[in-house]
Amino acid sequence: MWTKLYHNLAKPRYDHVWIVLLLIAEALLSTLIVKRVPYTEIDWVAYMQEVTTYQNGERDYINIRGDTGPLVYPAGFLYLYGFFKDIATRSIDTTDPTGLGGSTSPEAVRIIQWVFVVLYVINSAVVLMLYNAVLQRMRQQQNTQSSTATMVWYWRIAMGITCLSKRVHSIFVLRLFNDAPAMILLHISMYLFACCDSWALGCVVFSLAVSIKMNVLLFAPGLLLLLLQKNQSLFGTIQHLSICASIQLFLGWPFLTTYPISYIKKAFEFDRVFFYKWTVNWKFLPEEIFTSKPWALILLSCHLGVLGMLANKWWQSSISQLGDANARKPMRWTKCNKDKIRLSPEYVIYTMFASNYVGIVFARTLHYQFYCWYFYSLPMLLWLTSFGPSSSGVKFSKVVLSLVANVLAVAGVEYAFNVFPATELSSAALQMSHAYLLLKVVTSQVPSIQIDKEKMT
């Protein structure tokens, strides 16, 4: 009976049921957190101070600041959190001796917490659809009903893990960090790229994500490669990159036309120095090494070096899968033929997540809220580097061993981000989990690049 149930529930008609059940659980859990766990003020007051300064007419980024320091986010942040401020104060008393229109009152904060609950569930839905896209590709390439059922449950467990992070729930509904909406937009852009084959609109949404927090640029190397392969030409790629640039110019126009240097310097502050006391990933290092320029250069060199290594690996994979002539097409100025190219969902998702992950591994620091930058990619990368959609005839025992190892890796990262303050042990556990996944990314095969023409719809 159990074997029959195991196989029956693995059928495609239950895939969306599984997603709905997970989303219902997420909505209930997030609601419970808001009602039972006290809100912790960290950045919301500073956000409202920065937004209010902008709304009062200030356009010099040097002068837009809050209790935590000067504004260091692009213009999209101001527009979005200005919108949040309007929502929070629309139905409450705006009399406020601080001059923030009541936006930091307990009533206003609670309203925004409910907004972030909705945003969290939306983000979960988009992420689960990305996982489901890979699951459907896996179904197409499995040979037997038995192996299909095993792999379906293998991937459904990965989907369930994306709903279990204590820290990510906190980042969204208890802290209200701008990292959360930035990653929602990033995941939506990935869905447009991978599942809808909508690259122009995807570039618009991707650039909107960058306009809220520039950490999204860690995905840019992967996106550049995908644009080259999708467009099969430099000209087409430049057109898509122009869409991204145009969004940034449009949103930053009020600042670029008044105090351009101030805006560029602060909104995209690449030389920002972080405090040692907040680091999650390098707590086992002495502070003098953590803050030193040589250490920063070592990490940057490692970041660029591994990206270069992966770029070569992706290039070799393109040659082996597509042939040398087709692999070189993206470097031509214009497209030579009218053939429609459809990159596979797993390849798009894997490439963008891997690009971001390399940046995370060699980041000079990771703060607690940075966890949502890559938490949702961890199961995807771990599962794809173990058994991708093209894996077939895998033994059940091997799947179980892989599942245990992957879950332990995710647990190591989750543990590190839930230890406060970070310790030498928690940072070491984080780095071991990071190293395990990085090794898998470097040594595993690249997923299938294109969808076969006969499978394109």
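Each remark here, short or long, concerns the structure printed above.
On a predicted model such as this, the values are computed, not experimentally measured, just so you know. (Residues numbered from 1 in each chain as written. Predicted model: local features only at pLDDT ≥ 70, side-chain atom pairs only at ≥ 80, totals over all residues. Heavy atoms only, no water.)

Details of the overall build of the chain
Operational definition: Each helix corresponds to a stretch of at least 4 residues labelled H or I by DSSP, and each strand to a stretch of at least 2 residues labelled E; elements are numbered beginning at the N terminus. The globule rule used for comparison is 2.2 Å times the number of residues to the exponent 0.38, while the radius of gyration itself is calculated over C-alpha atoms. Any two residues whose heavy atoms approach within 4.5 Å are treated as being in contact. All accessible areas in this document rest on Shrake-Rupley with a 1.4 Å probe, and a residue is counted as covered only by the protein chains that are shown. Only four residue types enter the tally: Lys and Arg on the positive side, Asp and Glu on the negative side; His and the chain ends are excluded. Each charge is placed at NZ for Lys, CZ for Arg, CG for Asp and CD for Glu.
Counting its secondary structure elements, the chain contains 19 helices and 2 strands. In terms of overall dimensions, the chain is globule-like: its C-alpha atoms have a radius of gyration of 23 Å, near the 23 Å expected for 457 residues. Projected onto its principal axes, the C-alpha positions of the chain cover 70 × 60 × 45 Å. Considering only intrachain contacts with a sequence separation of at least 6, the fraction spanning at least 24 residues in the chain is 79%. On the chain, roughly 20,200 Å² of surface is accessible, and the fraction owed to carbon and sulfur atoms is 66%. Within the chain, the 25 negative side-chain charges are centred at a point lying 11 Å from the centre of the 38 positive side-chain charges.

Considerations on the nonpolar core
Selection criterion: Only buried residues count toward a nonpolar core, which is a set of Ala, Val, Leu, Ile, Met, Phe, Trp, Tyr and Cys residues joined through side-chain atoms within 4.5 Å. Only protein chains enter the accessibility calculation, which uses a 1.4 Å probe. A residue is then buried if its area is under 20% of the maximum for its type, exposed if over 50%, and partly exposed in between.
If you look at the biggest cluster of nonpolar residues, it comprises 136 residues, and the most contacted ones within it are Trp155 and Tyr374. The leading source of residues in this core is helix H5 (residues 106-141), at 16 residues. Leaving out residues up to four positions away in the same chain, Tyr374 has contacts with Asn356, Tyr357, Ile360, Leu366, Val413, Phe417, Leu430 and His434.

Notes on helix H4 (residues 75-89)
For clarity, the threshold we go by: Take the number of residues in a helix, subtract one, and multiply by 1.5 Å to get its expected span.
The first and last C-alpha atoms of H4 sit 21 Å apart over 15 residues, in line with the 21 Å expected at 1.5 Å per residue. Along H4, the positions that sit buried rather than exposed are Ala75, Gly76, Phe77, Leu78, Tyr81, Gly82, Phe84, Lys85, Ala88 and Thr89. Looking at the buried positions of H4, the neighbouring elements they touch are helix H3 (44-55), H5, helix H8 (179-194), helix H9 (199-212), helix H11 (234-256) and helix H12 (260-267).

Looking at the pattern of salt bridges
Opposite charge on two side chains makes pairing possible when the charged atoms of those side chains draw close. This is how it is decided: Counted as salt bridges are all cases of a side-chain nitrogen of Lys or Arg within 4 Å of a carboxyl oxygen of Asp or Glu.
Within this structure, the stated rule accounts for 6 salt bridges. With a shortest N-O distance of 2.7 Å, Asp15 and Arg156 are connected by a salt bridge. Placement of the pair is Asp15 in helix H2 (residues 15-36) and Arg156 in helix H6 (residues 145-161), with a sequence separation of 141 residues. Accessibility classification places Asp15 together with Arg156 in one group, the buried group.

Structural notes on the packing of aromatic side chains
Rule in force here: Two rings from Phe, Tyr or Trp (for Trp, the six-membered ring) form a pair when their centres sit within 6.5 Å of each other. Planes less than 30 degrees apart are called stacked, planes more than 60 degrees apart edge-to-face, and all others tilted. Consider the ring centre and the ring normal. A charge sits over the ring if Lys NZ or Arg CZ is within 6 Å of that centre and within 35 degrees of that normal.
Summed over the entire model, instances satisfying the criterion amount to 34 aromatic pairs. Ring centres of Phe255 and Tyr263 lie 5.4 Å apart, and the angle between their planes is 10 degrees; this geometry places the pair in the stacked category. The same class applies to Phe255 and to Tyr263, which are both buried. Among the aromatic residues, those joined into a ring-pair cluster are Trp44, Tyr47, Tyr73, Phe77, Tyr81, Phe83, Phe84 and Phe116. Above the plane of the ring of Trp153 lies Arg156, whose end atom (NZ or CZ) is 4.8 Å from the centre.

So, a nonpolar patch on the surface
To be explicit about the condition: In this analysis, a patch consists of residues with relative accessible area above 30% that form no salt bridge, clustered at 9 Å for like charges and at 5 Å for the nonpolar side chains Val, Leu, Ile, Met, Phe, Trp and Tyr.
Among the surface-exposed residues, Val17, Val20, Leu21, Ile24 and Leu28 lie close enough to one another that they form a single nonpolar patch of about 450 Å² accessible area. Mapped onto the secondary structure, Ile24 falls in helix H2.

Quick word on the side chain of Lys283
Put simply, the rule is: Pairs of N or O atoms are called polar contacts if they sit within 3.5 Å, as long as, within protein, a hydrogen donor faces a hydrogen acceptor (for residues adjacent in sequence, only side-chain-to-side-chain pairs).
Residue position: Lys283 is located in the loop between H12 and helix H13 (287-290). At 7.7 Å, Glu287 is the nearest oppositely charged side chain to Lys283, a buried residue that forms no salt bridge. Among the polar contacts made by the side chain of Lys283, one reaches the main-chain carbonyl oxygen of Lys277 at a distance of 3.3 Å. Ignoring anything within four residues of it in the chain, the contact list for Lys283 reads Tyr276, Lys277, Ala422, Thr423, Glu424 and Ser427.

Topic: the environment of Met159
Mapped onto the elements, Met159 comes out in helix H6. Met159 sits in the buried class, given a relative accessible area of 1%. Taking the C-alpha atoms as reference points, Met159 and Tyr131, 28 residues apart in sequence, are found 6.6 Å from one another. When residues no more than four places from it in sequence are discounted, the contact partners of Met159 are Trp18, Ile19, Leu22, Leu128, Tyr131 and Asn132.

Overview of helix H17 (residues 377-386)
Most of H17 is tucked away: 10 of the 10 residues are buried. Those residues of H17 lying buried are Ser377, Leu378, Pro379, Met380, Leu381, Leu382, Trp383, Leu384, Thr385 and Ser386.

Description of the environment of Leu176
Tracing the chain through its elements places Leu176 in the loop between helix H7 (166-173) and H8. Along the chain, Leu176 and Thr40 lie 136 residues apart, while their C-alpha atoms are 9.5 Å from each other. Dropping the residues within four chain positions of it, Leu176 is found in contact with Tyr39, Trp44, Tyr47, Tyr81, Val109, Ile112, Gln113, Phe116 and Ile171.

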